[in-house]
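One-letter residues, chain by chain:
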Amino acid sequence: MKVVSSDIVISAVKPEQYPETALPEFALAGRSNVGKSSFINKMLNRKGLARISSKPGKTQTLNFFLINEVLHFVDVPGYGYAKVSKTERAAWGKMIETYFTTREQLKAAVLIVDLRHPPSADDVMMYEFLKHYDIPCIIIATKADKIPKGKWQKHLKVTKETLDFDAGDHIIVFSSETGEGKDKAWSILESYM
Ligand code: GDP
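Predicted, not measured: the structure shown is a model, and the values here were computed from it.

> Explain the overall build of the chain here, please?
Looking only at helices and strands, the chain features five helices and seven strands. Here the C-alpha radius of gyration of the chain, 16 Å, is about what a compact globule of 193 residues would show, namely 16 Å. Over its C-alpha atoms, taken along the principal directions, the chain stretches across nearly 45 × 40 × 30 Å. The buried share of the chain, taken over its 193 residues, is 49%.

Below you can see the structure in the form of structure tokens.
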């Protein structure tokens, strides 16, 4: 997809604030610092659109981006950040559970992981949660530019094994630096619209 327009439409904490449209939606999840904002910005050809709002210590909101007036990206606050209080963690859990279990516009989840390392325990938990609710997943294994191309397949294999990857899902090697995987990611997203 050629992105010609993208803008944040709302930062929501509860369902009443979700946009009232029937547009297809993709939710983006990943641990803090994995490269989720960079992924969003790369996909949208924007530099600073997705940013601070999803950083630790800031208000935890679901940020809805309207793209080409035809779909939404929903930026889910990052997980796995150590310095988050129990109360904040619980609020995050409640917010994402409500979203993922009730949002009918949701077509698929995009789970961002780091290709360089095996998925973390939190990544595995997130994927298990999504699979428990039968939500189709697109795994983005990012920061591929940081390892030699010859090692991608080996790392991909570890990623799949650690996640107990469902063969019905998609997994894409990605780099926000080089744009590797961007076209493939868009064509897979479009196949869900
Ligand atoms: P977020 O917390 O998940 O939104 O992570 P960010 O998008 O802010 O990225 C965290 C750090 O990783 C930043 O310093 C980014 O520049 C860097 N980063 C993100 N994606 C890539 C990538 O594909 N390649 C490289 N080399 N660095 C990346």
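> What exactly am I supposed to notice about the side chain of Asp114 here?
Structurally, the position occupied by Asp114 is in strand E5 (residues 106–114). Here the side chain of Asp114 touches Arg116 through a polar contact of 2.8 Å, side chain to side chain.

> Explanation requested: the packing of helix H2 (residues 86–102) against helix H3 (residues 121–132) in the structure shown.
In contact at an axis separation of 11 Å, H2 and H3 are set at 35° when each is read in the N-to-C sense. In this structure, H2 crosses over H3, and the sense of that crossing is right-handed. For the pair H2 and H3, contact is made by Trp92, Ile96, Glu97 and Phe100 and by Met126, Phe129 and Leu130, respectively.

> Explain the environment of Ala108 to me, please; I cannot follow it from the model alone.
Following the sequence through the fold, Ala108 ends up in strand E5. Taking relative accessible area as the criterion, Ala108 reaches 0% and is therefore assigned buried. Taking the C-alpha atoms as reference points, Ala108 and Pro24, 84 residues apart in sequence, are found 9.1 Å from one another. Residue contacts for Ala108: discarding those within four places in its chain leaves Glu25, Phe26, Ala27, Ile135, Pro136, Ile138 and Tyr192.

> Just to check I follow, could you spell out helix H5 (residues 182–191) for this structure?
Since one α-helical turn is 3.6 residues long, residues separated by three or four positions face the same way. All of the buried residues along H5 are Lys182, Ala185, Trp186, Ile188 and Leu189. The arc that holds the buried residues of H5, viewed along the axis, is 165°, so those residues lie on one side. When the buried face of H5 is taken as reference, the exposed residues oriented beyond 90 degrees from it are Asp183 and Ser191.

> Sorry, what's going on with the sheet that holds strand E6 (residues 137–142) here?
Strand pairing in a sheet takes place through backbone hydrogen bonds and is either antiparallel or parallel in direction. Spatially, seven strands are ordered E1-E3-E4-E2-E5-E6-E7 in an open sheet, and the strand pairing comes out mixed. Either end of the sheet is taken by a strand with one partner, and the two such strands are strand E1 (6–12) and strand E7 (170–173). Going from strand to strand, the sheet's axes swing by 25° on average, the running direction of each strand aside. Relative to strand E4 (residues 71–75), strand E2 (residues 25–30) runs parallel, the two sharing four bridges.

> Hey, could you run me through the nonpolar core in this one?
One broad trend across soluble globular proteins is that nonpolar side chains are buried collectively. Ranked by size, the top nonpolar core spans 36 residues in total, and within it Tyr99, Phe100 and Met126 carry the most contacts. At the level of secondary structure, the elements contributing two or more residues to this core comprise E2, strand E3 (62–67), H2, E5, H3, E6, helix H4 (152–163) and E7. If sequence neighbours within four positions are ignored, Phe100 has contacts with Ala27, Val76, Leu106, Ala109, Met126, Phe129, Leu130 and Ile135. Core analysis: the second largest hydrophobic core is formed by 25 residues, Phe65, Ile138, Ile172 and Ala185 among them.

Rules used in this analysis
Residues numbered from 1 in each chain as written. Predicted model: local features only at pLDDT ≥ 70, side-chain atom pairs only at ≥ 80, totals over all residues. Heavy atoms only, no water. Helix = DSSP H or I, 4+ residues; strand = E, 2+ residues; numbered from the N terminus. Rg over C-alpha atoms; globule rule 2.2 N^0.38 Å. Buried < 20%, exposed > 50% of the residue type's maximum accessible area, 1.4 Å probe, protein only. Polar contact = N/O pair within 3.5 Å; in protein donor to acceptor, adjacent residues only side chain to side chain. Axes fitted to C-alpha atoms, helices over the stretch in contact; angles between N-to-C directions. Left-handed = near helix turned anticlockwise from the far one by under 90°. Contact = heavy atoms within 4.5 Å. Arc of directions from axis to C-beta. Pairing = 2+ DSSP bridges. Core = buried A, V, L, I, M, F, W, Y, C linked by side-chain atoms within 4.5 Å.

Interpretation note: all reported values are geometric properties and have no functional meaning in isolation.
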